[in-house]
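Coordinates in review
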Amino acid sequence: MSIGMGLRLLETLTSALYEDPIVFFREYVQNSADAFTRHPVTNARIDIKIDKKNKKIVFLDNGYGIPKKDFIDKMTSIGKSDKSKAIDQIGFRGIGRLAAMPFCKELIFKNKVENEEEIQVFSWDGEKYNTLLSQSETDDLESAIEQITQKSILKYEGNISDHFFKVELVSYRTEIEELVNGKDFKQKLSRLLPLKYADSFEAKKAIHNHYKEFMGESLEKYEFDVY
């Protein structure tokens, strides 16, 4: 039996699920957090860089990335994720990585594995994606993905032992511009992300103790430095 899937399925898994653009901030940070949980890194950190002038957002973590042989499969799989087998992984089951596609001209993923001399790159053309949706040039999901994605390899000029995973949003749309320019943007963001409690927070110790007593593990495992 052959099961056909249309382009509208991808629309449902992006635009419909992620109507509020602030949600994709949570998704990309949580994907990094889940990667750190699977493969702990000393001094793990996640950086969010917002270039308002050029309308570009970069999410960068210093995790071990995706194994080289699995990278393309991970980038093209829709709704398929190894997180379903791990109870401590809370990202959106392989869908969240596409959360920003409706909100930018291009969505780029860069993967640098330790002791590799190259960076794997996989990009989604958000502009072409929106054109296909509006013009209905094709309703075949596989054909559409072939048209709106591209893979390449970059030579890495840094230390070969470096490792990271990067997500780049290029030419983000008005919805994101209004969001990041909002006075309460950082406050909204802090409520969504798996941040560490400030040392000055009086209830920090009590919360950690109660969590460990109830869950049988440390809460610090799920708290991260996000800059």
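The model shown is predicted, which means the values in this text are computed figures rather than measured ones.

Glancing now at unusual backbone geometry. Apart from glycine, the bulk of residues carry a negative phi angle, and the bulk of peptide bonds sit in the trans form. The residue Asn43 is not glycine, and still its phi comes out positive at about 60°. Secondary-structure assignment places Asn43 in the loop between helix 2 (22-38) and strand 1 (45-51). Given a relative accessible area of 66%, Asn43 falls into the exposed group. Positive phi, close to 55°, is recorded for Ser171, a residue that is not glycine. Tracing the chain through its elements places Ser171 in strand 6 (residues 164-172). On the accessibility criterion, Ser171 (30% relative accessible area) is partly exposed.

Our focus in this paragraph is the pattern of salt bridges. For the structure shown, the criterion picks out 14 salt bridges. Lys110 is paired through a salt bridge with Glu168; the nearest N and O atoms lie 3.2 Å apart. Of the two residues, Lys110 is situated in strand 3 (residues 104-112) and Glu168 in strand 6; the sequence distance between them amounts to 58 residues. Take Lys110 and Glu168: they sit in the same class, and that class is buried. Of the charged contacts, one joins Glu217 and Lys221 as a salt bridge, the two residues approaching to 3.7 Å between their closest N and O atoms. Each of Lys56, Lys110 and Glu168 takes part in salt bridges that share partners, so that together they form one network.

Our focus in this paragraph is the environment of Ile50. With respect to the secondary-structure elements, Ile50 resides in strand 1. Note on Ile50: relative accessible area 31%, which makes it partly exposed. With residues near it in sequence (within four places) discarded, Ile50 still touches Phe25, Lys56, Ile57, Tyr172, Val180 and Phe185.

Attention now moves to the confidence of the model for the protein. Mean pLDDT over the protein stands at 85; residues scoring 70 or higher make up 82%. No element of the protein has a lower mean pLDDT than helix 1 (residues 7-16), at 61, and none a higher one than strand 2 (residues 56-61), at 98. Between residues 86-93, whose pLDDT stays under 50, and residues either more than four places distant or in other chains, the model counts 24 contacts.

Calculation criteria
Residues numbered from 1 in each chain as written. Predicted model: local features only at pLDDT ≥ 70, side-chain atom pairs only at ≥ 80, totals over all residues. Heavy atoms only, no water. Helix = DSSP H or I, 4+ residues; strand = E, 2+ residues; numbered from the N terminus. Buried < 20%, exposed > 50% of the residue type's maximum accessible area, 1.4 Å probe, protein only. Salt bridge = Lys/Arg side-chain N within 4 Å of Asp/Glu carboxyl O. Contact = heavy atoms within 4.5 Å. pLDDT = per-residue confidence, 0-100.

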